[in-house]
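A structural walkthrough
So the chains spell out like this:
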Amino acid sequence: MNKLLTILLLITLPLMAQEERIISLSPALTELVFKLGKGRQLIARSEPCDYPPEVKKLPVAGRFADPDMERILTLRPTLVITNDLINPGVRTVMENAKIRCIQKQCSTIEEYVEWVKLLGDALKCPEAAKAECERVEREAKPLPKMKRKVLWVIWDSPLMVAGAGSLADGLLQRVGVENIAGNVKIAYFKSSYDWLLEHQPDAIVWTASKRDNLKKHRFWGNLKAVQQDRVVMLPNNDLIQRPGPRITEGYKLLAEQLRKP
Amino acid sequence: MRLRDIVAILLNIALLVLGICWGARWYSPMAFIHDFESLRPLFMLRFQRMITAITIGGSLSLAGLILQAVLRNPLAEPFTLGLSGGASIGAALSFVLGFYSKWVFAVPLGAFLGAISTLAIVLWISRCGRNGTESLLLSGVIAGTIASNVLVQILSFAQNEELAGITWWTLGDLQGTDPRLLWPGVVLLFIALVLYRCMADKIDAIALGDAQAFYLGGNPRKLTVVLVASASFLAAETVAMAGIISFCGLIIPHIVRQCFGCIHRHIVLTTALWGGAFLMICDILSRCISTQHEIPIGVMTAVIGGPLFLWLLNKQHHA
C-alpha cells in the first residue's frame, strides 16, 4: 500500500509542479480562464473581475492593468495575464521575479479569438481553446448587411459614442447594421447633439447609466429612435462591453433587438 | 451706454445668429424663419448653447476682473482660490460614488458644493483677508494644490468609465448644460453686473491697495470678502453648469484693460460682453471644425486665447 502511494505521489508531483499559478488583471481574461476549464489555477484577480461569481472569493492583486506588485510577489504566480499595463516598468519587475507576463490588447472579437489561442497554448489546453474559437465563430457569425444606422452611446453627459476600432463598432458590423459614427477613426469620442439631430440614427444602443424617460429629455426626445422606442438597453452591459466568452450572448441579444423590423 | 458697449452688444448678437445658423449643417436665418416648426429642435439646441456661452463667458470674465482687482495680482483668475480643485473633487465623488447615474443634477451639485466649500475653507483659513490679500491668495493656492492631490487619490479608485467622465468634465462641455441650471446663471450674471457697476468706485479703490481704500472711505476687509465671495460664487455657478473652462477668466480682463483702461465703472459691462463673445467664438469653432467629433471647449479657449493675448501683449510693448 505504501509503495503504491509513493508511486502515485511520484507521478502526480511533477504534474502539479507544471501547473501554472495564474493572476488575471482583466475581467474578460478571467472569464476566459474559467471557460478553458483552468479556473482552479487562478490564484488572484483584478478588482473589476466579478464573473463567474466564485472568482470573487479570490484575493485582489490590483486594478485593471494596474498590478499591486507587492501582493503579486507574495502570491508567487508563474503567469500574469493582462490586456494592458499602466506602468510598463512593472513587467521588468515580474521578469526579474521569474514571473511570465502575457500582455496583449483585447478590444474586439477577433482579438478575443487570438487570446483564446494564446491561452490555449500557454495553459496547455489546445482542444478547449479550439472548441471555444469554433463556438465564438459559430455563435457570433456575421449577419447579412441591412440598411439600419445605429448609434452606440457609451456616456450621455458629456456625450461619448463608439467610433471605428471599438468593440461596439465590431459588434455592430457583425450584426449587419451600420455604426453611424463608424467613419470616425477614434474608438470612443465626444460627439455633438447638433450633428446627431442632422444625422438621425434608426436605433440607439445605450450602455450609459440608465435614464428614465428619455422621451422627455430636451435633446434625446427629439430623436426619432427615442420617439419610436428603438433604444436598446440590455440588463447587463458586461455582455456587450466585455470581450470575453459571454460576448456571444450579448451579440445574440443585440442582433435580436437591432434587426427586428 | 458707451459706443464700445454698443459695438460689443452688436458683436454678441451677430455671433448669436452665426452660432444658430452654423453647426453640423449651415442654415440661413431665412431658413429658420420660413421653416421654423421643423427646425425648432435644432434652433432650441443651438440657441440654448449660445446663451450658455454668453452667460459662462460673461460670468468667468467678470469674476476674473474682480479677483485680479481685489487680489492685485495679474495671474488671478476665477479659480485662483482653489475653486476648480474643490469643484473637481465634488464632481469626481459624484461619479465614483455612483450618484451620477441616480440623479442628473448630482455632478453639478457636487461641483458647486465642492467649490463653495473650498471657498469657505480658504476664507476661514485666511481669516477673511484680515492678514492681507497675500494670505488669501496663498491660502487659495495651497487649498487648490491639496484639492488636486485629493482628486488624484479619488481618480485612483475610479474605474475606466468614471475616469473618462471625470476627464471630460474637467475639459468643460457647453452642450450638456441643463436649461434648469442655465436660467439661474443668467439671473446671477445680471445681478453681478448691477452689483459690480454700483461698487465700481470701491473696486477701483481696493485695486490701489487696502490703505488707499481705507483712506477713500471704504472698509477694505469687508469689501474684499464681499467681492471675493461674490466673484467666486459666480465662478462656482459656471462650474456647475459646464465644468471647468479655463483661460477665459484670465485673459479677457487683461485684454479689456489693455484696450479700454482700468476704470471699473467703464469696463464691468464691457468685460462681460467680451467674455461672452470670446466663448461664443470658441464654441462655434469647437463644434464646426469637426462637426461629428467635438473639440473640448477648454482646449479651444487656450488655443485661441493664448496667442491672442500674447499678440496684444507684444503689441503694447512695441507701442
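Quick notes on the rules
Residues numbered from 1 in each chain as written. Chains lettered and ligands numbered in written order. Predicted model: local features only at pLDDT ≥ 70, side-chain atom pairs only at ≥ 80, totals over all residues. Heavy atoms only, no water. Helix = DSSP H or I, 4+ residues; strand = E, 2+ residues; numbered from the N terminus. Rg over C-alpha atoms; globule rule 2.2 N^0.38 Å. Buried < 20%, exposed > 50% of the residue type's maximum accessible area, 1.4 Å probe, protein only. Contact = heavy atoms within 4.5 Å. Areas by Shrake-Rupley, 256 points an atom, 1.4 Å probe, with all protein chains shown as cover. Lys, Arg positive; Asp, Glu negative; His and termini not counted. Charge placed at Lys NZ, Arg CZ, Asp CG, Glu CD. Buried area = accessible area lost by both parts, 1.4 Å probe. Salt bridge = Lys/Arg side-chain N within 4 Å of Asp/Glu carboxyl O. Polar contact = N/O pair within 3.5 Å; in protein donor to acceptor, adjacent residues only side chain to side chain. Nonpolar A, V, L, I, M, F, W, Y, C, P; charged D, E, K, R; others polar. Domains from an automatic or database assignment. Axes fitted to C-alpha atoms, helices over the stretch in contact; angles between N-to-C directions. Left-handed = near helix turned anticlockwise from the far one by under 90°.

**Here we look at the overall build of chain B**
Counting its secondary structure elements, chain B contains 15 helices and 0 strands. Its C-alpha atoms give chain B a radius of gyration of 20 Å, within 12% of the compact-globule value 20 Å for 319 residues. Its C-alpha atoms put chain B at 60 × 55 × 35 Å along the principal axes. By the burial criterion, 55% of the 319 residues in chain B qualify as buried. Sequence separation of at least 24 residues holds for 76% of the intrachain contacts in chain B that already meet a minimum separation of 6. Element-wise, carbon and sulfur atoms account for 71% of the exposed surface of chain B, whose accessible area totals about 14000 Å². A distance of 8 Å separates the average location of the 19 positive side-chain charges in chain B from that of its 15 negative side-chain charges.

**Considering the interface of chain B and chain A**
If you look at the interface, chain B gives 32 residues, while chain A gives 31 residues. The contact between chain B and chain A buries some 2800 Å² in all, and 53% of this surface belongs to carbon and sulfur atoms. When residues of chain B are sorted by the area they lose upon contact with chain A, Tyr-100, Gln-175 and Gln-292 of chain B head the list and together hold 27% of the total. Taken together, the links from chain B to chain A amount to 5 salt bridges. Notably, a salt bridge pairs Lys-190 of chain A with Glu-294 of chain B, separated by 3.4 Å at the nearest N-O pair. In this structure, the connection of chain B to chain A is made through 14 residue pairs in polar contact (both at pLDDT 80 or more). Those elements that provide at least two residues to the side of chain B that touches chain A are helix H3 (36-71), helix H5 (99-102) and helix H8 (160-170) of chain B. Counted by class, the side of chain B that touches chain A contains 10 nonpolar, 14 polar and 8 charged residues.

**Looking at the domain arrangement of chain A**
Residue and element names in this part refer to chain A. Taken domain by domain, chain A consists of domain 1 (14-139) and domain 2 (149-258). Between domain 1 and domain 2, the C-alpha centre-to-centre distance is 29 Å. If you look at the interface, domain 1 gives 19 residues, while domain 2 gives 15 residues. Both faces combined, the contact of domain 1 with domain 2 buries some 1400 Å², and carbon together with sulfur accounts for 55% of it. Among the residues of domain 1 in contact with domain 2, Glu-31, Ile-109 and Glu-139 are the three that bury the most area, contributing 38% of the side total. Counting across the domain 1 and domain 2 interface gives 5 salt bridges. With a shortest N-O distance of 3.7 Å, Glu-139 and Lys-252 are connected by a salt bridge. Our enumeration of links across domain 1 and domain 2 arrives at 8 residue pairs in polar contact (both at pLDDT 80 or more). Where the side of domain 1 that touches domain 2 is concerned, the elements lending two or more residues are helix H2 (27-35), helix H5 (109-122) and helix H6 (126-139).

**Observations regarding the packing of H3 of chain B against helix H9 (residues 179-198) of chain B**
Residue and element names in this part refer to chain B. The contact between H3 and H9 brings their axes to 10 Å, and the two run at 35°. Of the two elements, H3 crosses H9, and the hand of that crossing is left-handed. Residues Gln-48, Ile-51, Thr-52, Ile-54, Thr-55, Gly-58, Ser-59, Leu-62 and Ile-66 of H3 pack against Pro-179, Leu-182, Trp-183, Gly-185, Val-186, Leu-189, Ala-192, Leu-193 and Tyr-196 of H9. Here the contact of H3 with H9 is built from residues that sort into 12 nonpolar, 6 polar and no charged.

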